[in-house]
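Structure at a glance
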Amino acid sequence: MSKEQFERYLTRAAQSVSGTEQDNQNAQTQAAVTRLREQFGTANVYGKPARSILNPASGYIRAYDFTLNPYRGCQYGCSYCYATAFSPNQAMRDDWGNWVIIKENAADLIAKELDRWQSKHDRPPSIYMSTVTDPYQPIECRERLTRSLLEAMLARPPEQQPTLVVQTRSPMVVRDLDLLHRFDRVRVNLSIPTGSDAVRRDFEPRSPSIAARLQTLAKIRYTAPLESRLRLSATVTPFLPTFGSLPGASGRRSNPAGSDDLDRDDLDRFARALACADRVVFQPFHRGGGGRLAATTREAAIALRAKYADWYDREADYGQCLREKLKRYAPDIEILDGAEGFGYA
Ligand code: SF4
């Protein structure tokens, strides 16, 4: 969508105010995002001071005190992303991946909000960064907003430093390893939902390649200083098709991702590469349903799922095969499912 088309969408959204709560909310959000700063790649970039930066955690990650999202919107625009449901309005939901709102005052806010927490509690909070954006999406290479938040957390006395989980699919996270290794309680969750780059290109064409992510996993593991307390997870969530030879199977595998991949055992390569994490988390593809703001899988991803129907018919077998390979390559690795896997400990 061009910048002009997008502006027209926003104008229409503002004109749609008809007295309903949702329309009022849309109009307020519309007013808040109209300060278009620039175009960055294919994304329209907006700047907006946030009212708060630490939001009470709930649902899947309710074990944490707060979620922390430095940005609103995400340039990766994954087809299955449930965060689209939290877009400011329908136009922006439809245009997911092509806009990002920078929370300009994030670093100032977090210092104040951590002060407020410490004035009421005798322990530091636990924080999950991020849930509805990627803290290391492309714009971060220039904005360094996520890095400023890490610096603000580290500026606190050691006994007040939060327990932190960083969720990303970006190799850019290695830029901040100098800071992350200074945390006493930190876990990096690297999102790698498939071992096949052809499948990745179908479901999340704008995201970093699988090879780059697996290299990032290894880099984090093997360059960590001895004193580092950093924990490292690979989150295979949602588990996307990864092809390989199943025990007892014979003949050529059916792989709609592309003939180039037919003879590669991505499942085995995937297991070998994941084995350097201390935890691997699995979660099945969420099929959607629910209301407008529910965590629903987007229609595009449902259609892609149909393309891989044969694989999904044997999803449990592929999952079991991957787990067995992981245990063979890394006997001590922790393998967890769903919400349990997203915990810090
Ligand atoms: S990286 Fe995460 S937040 Fe961004 S589009 Fe993909 S699933 Fe959504």
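Shown above is the structure to which this text applies.
All of these numbers come straight from a predicted model, not from anything done at the bench.

**A short note on the packing of helix α10 (residues 266-274) against helix α13 (residues 315-329)**
Pairs of packed helices are described in terms of their axes, by the angle between the two and the distance that separates them. At a minimum axis distance of 9 Å, the contact between α10 and α13 shows a crossing angle of 45°. One finds that α10 runs oblique with respect to α13. For the element pair α10 and α13, the recorded crossing hand is right-handed. Along its contact with α10, which presents L267, D268, F270, A271, R272 and L274, the element α13 presents Y318, C321, L322, K325, L326 and Y329. Each residue belonging to the contact of α10 with α13 can be placed in one class, and the counts come to nine nonpolar, no polar and three charged.

**Some thoughts on the sheet that holds strand β2 (residues 43-48)**
Spatially, the four strands line up as an open sheet ordered β1-β2-β6-β5, and their pairing is mixed. The sheet terminates laterally at β1 (36-40) and β5 (71-72), the two strands that pair on one side only.

**Things to note about the nonpolar core**
Of all hydrophobic cores here, the largest spans 72 residues; its most connected members are L68, V100, I127, L164, A234 and L274. With five residues, the top contributor of residues to this core is α10. When residues no more than four places from it in sequence are discounted, the contact partners of V100 are A43, V45, Y71, G73, C74, Q75, Q137 and I139.

**What to know about the sheet that holds strand β4 (residues 66-68)**
Backbone-to-backbone hydrogen bonds pair the strands of a sheet. The strands run either parallel or antiparallel. The eight strands are arranged β3-β4-β7-β8-β9-β10-β11-β12 in an open sheet whose pairing can be described as mixed. In this open sheet, the two strands that pair with only one neighbour each are β3 (54-56) and β12 (334-337). Strand-to-strand twist across the sheet, computed as the mean angle between neighbouring axes with direction ignored, equals 25°. Relative to β12, strand β11 (residues 279-282) runs parallel, the two sharing four bridges.

**Quick word on the site of the ligand**
In the neighbourhood of the ligand, the contacting residues comprise C74, Y76, G77, C78, C81, A83, T133, D134 and R169. Here the residues of the shell around the ligand sort into five nonpolar, two polar and two charged.

**Points about the pairing of strand β9 (residues 186-191)**
Among the six residues that make up β9, six are buried, leaving the element largely enclosed by the rest of the structure. The alternating pattern of β9 places V186, V188 and L190 and R187, N189 and S191 on opposite faces, both of which are buried. Of the pairings in the sheet, the one linking strand β8 (residues 163-168) to β9 comprises five bridges and is parallel in character. Within the sheet, the bridge partner assigned to V166 lies in β9 and is V188. Sheet analysis places β9 next to strand β10 (residues 231-236), joined by five bridges and oriented parallel. Residue pairing across strands places V188 opposite L232, the latter belonging to β10.

Parameters and conventions
Residues numbered from 1 in each chain as written. Predicted model: local features only at pLDDT ≥ 70, side-chain atom pairs only at ≥ 80, totals over all residues. Axes fitted to C-alpha atoms, helices over the stretch in contact; angles between N-to-C directions. Helix = DSSP H or I, 4+ residues; strand = E, 2+ residues; numbered from the N terminus. Parallel < 35°, antiparallel > 145°, perpendicular 65-115°, else oblique. Left-handed = near helix turned anticlockwise from the far one by under 90°. Contact = placed C-beta atoms within 7 Å. Nonpolar A, V, L, I, M, F, W, Y, C, P; charged D, E, K, R; others polar. Pairing = 2+ DSSP bridges. Core = buried A, V, L, I, M, F, W, Y, C linked by C-beta atoms within 7 Å. Buried ≥ 20, exposed ≤ 12 C-beta atoms within 10 Å, placed from the backbone. Near = placed C-beta within 6 Å.

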